[in-house]
Amino acid sequence: MDVPRLKQSWAVVAAHGDQVPLYFYSTLFLTHPETRQMFPTNMAGQRDRLVTALGHIVSNVDQVDRLMGFLQDLGADHRKFAVRAEHYPAVGEALLATLRHFLAERWTDELAQDWAAAYGLVSQVMIEAAEAAEAVNPPWWVGEIVAHERRGFDVAVLTVRPQYLLPFTPGQSIGVSHPAVRSWRYYSPANAPRADGTLELHVRAVPGGAVSSRLVYGCAAGDQIHLAAPVGDRLTLWSAGSADLLLLAGGTGWAPVKALVEQVVAEGSRRKVDLYVGARSRTEFYDSEAIDKLASSYPGLTVTCVVGLDVNRPGEVVHPVDRALTDGDWRSRHVYVCGSDEMVSHSVATLQQAGYHAGQLHHEGLGKHWYGPSWRTAVDRPSTPDISGGAR
Ligand SMILES: Cc1cc2nc3c(=O)[nH]c(=O)nc-3n(C[C@H](O)[C@H](O)[C@H](O)COP(=O)(O)OP(=O)(O)OC[C@H]3O[C@@H](n4cnc5c(N)ncnc54)[C@H](O)[C@@H]3O)c2cc1C
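Calculation rules
Residues numbered from 1 in each chain as written. Predicted model: local features only at pLDDT ≥ 70, side-chain atom pairs only at ≥ 80, totals over all residues. Heavy atoms only, no water. Near = heavy atom within 4 Å. Polar contact = N/O pair within 3.5 Å; in protein donor to acceptor, adjacent residues only side chain to side chain. Areas by Shrake-Rupley, 256 points an atom, 1.4 Å probe, with all protein chains shown as cover. Helix = DSSP H or I, 4+ residues; strand = E, 2+ residues; numbered from the N terminus. Nonpolar A, V, L, I, M, F, W, Y, C, P; charged D, E, K, R; others polar. Domains from an automatic or database assignment. UniProt positions renumbered as here; feature names shortened; annotations may be inferred. Contact = heavy atoms within 4.5 Å. Buried area = accessible area lost by both parts, 1.4 Å probe. pLDDT = per-residue confidence, 0-100. Buried < 20%, exposed > 50% of the residue type's maximum accessible area, 1.4 Å probe, protein only. Arc of directions from axis to C-beta.

1. Considering the site of the ligand
Line of reasoning, step 1. Residues in contact with the ligand amount to 21 residues; listed here are only the nearest, Arg185, Tyr186, Tyr187, His202 and Ser212.
Line of reasoning, step 2. Between an oxygen atom of the ligand and a main-chain N or O atom of Ser188, the distance comes to 3.1 Å.
Line of reasoning, step 3. Leu366 places a polar main-chain atom, nitrogen or oxygen, 2.8 Å from a nitrogen atom of the ligand.
Line of reasoning, step 4. Protein coverage of the free-state accessible area of the ligand, which is 910 Å², stands at 77%.
Line of reasoning, step 5. Looking at the shell around the ligand, the elements with two or more residues in it are β4 (184-187), β5 (199-204) and α7 (210-217).
Line of reasoning, step 6. By residue class, the composition of the shell around the ligand is 9 nonpolar, 8 polar and 4 charged.
Line of reasoning, step 7. When residues of the shell around the ligand are sorted by domain, at least three fall in each of domain 2 (141-231) and domain 3 (237-378).

Take a look at the structure:
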């Protein structure tokens, strides 16, 4: 398989921009109409996801060993879109037809063989992982919303009871979908695993956001939503050993960070934990009561709330990291950062400039430029495609 040639041909195709996914989906839905139901009714925003991810992954087939974990997660995760083994050839055919169309006279028999072989390899890993996952987890869980609290204008805290146990590790995220919307998004449980199996989700409604708006404004206790298996290991405490922690949270980035704090409290360790929670204004600290409770139950926890916007300093944003670095030197600690993409990239850049090294920094942005937890870990580069929407 000539991998440089694969990559080169993908670069040529990708240069056609939006035309590529448009052609891909038209071909897929025309030739295999049964696949249409796996995708949202409204395909806007979907177009750049699956096909871009596929092209990128397949043309990087030489890294398949490095990507193995990611592809396995992806295969297992795509069960929630009702993707089955027989759908993979349909997607492969549409992908090859798209390549042939855009490469025109550059499309040769050799290139066709290479693309088919590379796609075969990638899809085989995904299919096998999906089959293995069948024995462990269902494709999705039905969850009942047992409590729905609006905390301010655009945030809701939901308590959800899965129909049966949904195991996860603090810091991971789970897929969430509302039956009326048929799209999946990730949300991070804001609790350590509980004896009753319930999960707490903190959701901020993004303007025009399909799933977040529905969860914040269009749900109530008693409603059912769908949940999918946990993903991601970037924010778990696995790689921090027993080190003391500096935790930086912005907005609903507080959710996974809260789960980490609960884990630390539950494990009864003696770690020191310094937590900086940021919000744009005082009224946006939507979980102050819980923060106070955690602080009073764990003597090793110190909490600082950071108001981002100050009327006396118009235009200037203070991030939790700015306050934390003014307060102390945390270079002996592991640092966890979660919030908007802007907050996370500012924090990481600031910490790196201050001499913190990559191995002690754990971060996840909740924003639109998200590329998938394991994928980022596998190939840490910002130009990788967004597959967060998967099929739906
Ligand atoms: C690993 C992970 C964990 C997450 N955990 C949480 C969580 O615990 N709580 C939480 O509230 N959110 C969380 N998110 C964000 C969440 O998954 C959704 O992206 C968000 O709720 C918007 O979904 P939507 O369907 O409402 O918007 P969409 O319909 O997908 O998008 C609508 C518009 O908003 C833009 N947009 C999408 N997401 C964002 C965003 N986050 N910020 C700004 N603009 C955006 C889109 O580009 C689009 O223009 C997490 C994201 C990731 C990747």
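What follows continues from the structure just given.
2. Side note on the UniProt feature "domain: FAD-binding FR-type" (unreviewed entry) in the chain
Line of reasoning, step 1. The UniProt feature table records "domain: FAD-binding FR-type" (unreviewed entry) at residues 138-237.
Line of reasoning, step 2. The span residues 138-237 is 8% helical and 41% strand by assignment, and the distance between its end C-alpha atoms comes to 26 Å.

3. Some words on the domain arrangement of the chain
Line of reasoning, step 1. Parsing the chain into structural domains produces domain 1 (3-134), domain 2 (141-231) and domain 3 (237-378).
Line of reasoning, step 2. Between the C-alpha centres of domain 1 and domain 2 the distance comes to 29 Å.
Line of reasoning, step 3. Contacts between the two partners involve 10 residues from domain 1, matched on the other side by 8 residues from domain 2.
Line of reasoning, step 4. For the pair domain 1 and domain 2, the summed buried surface comes to about 630 Å²; carbon and sulfur atoms form 44% of the total.

4. Here's the deal with the confidence of the model for the chain
Line of reasoning, step 1. When pLDDT is averaged across the chain, the result is 88; 91% of the residues are at 70 or more.
Line of reasoning, step 2. Between residues 369-392, whose pLDDT stays under 50, and residues either more than four places distant or in other chains, the model counts 78 contacts.

5. Notes on helix α9 (residues 288-297)
Line of reasoning, step 1. For α9, the full list of buried residues reads Ala290, Ile291 and Leu294. Down the axis of α9, the smallest arc covering the buried residues is 100°, so these residues share one side. Away from the buried face of α9 by more than 90 degrees, exposed residues Glu289, Asp292, Lys293 and Ser296 are located.
Line of reasoning, step 2. Among the structural elements, α8 (254-267), β8 (273-279) and β9 (301-307) are those in contact with the buried residues of α9.

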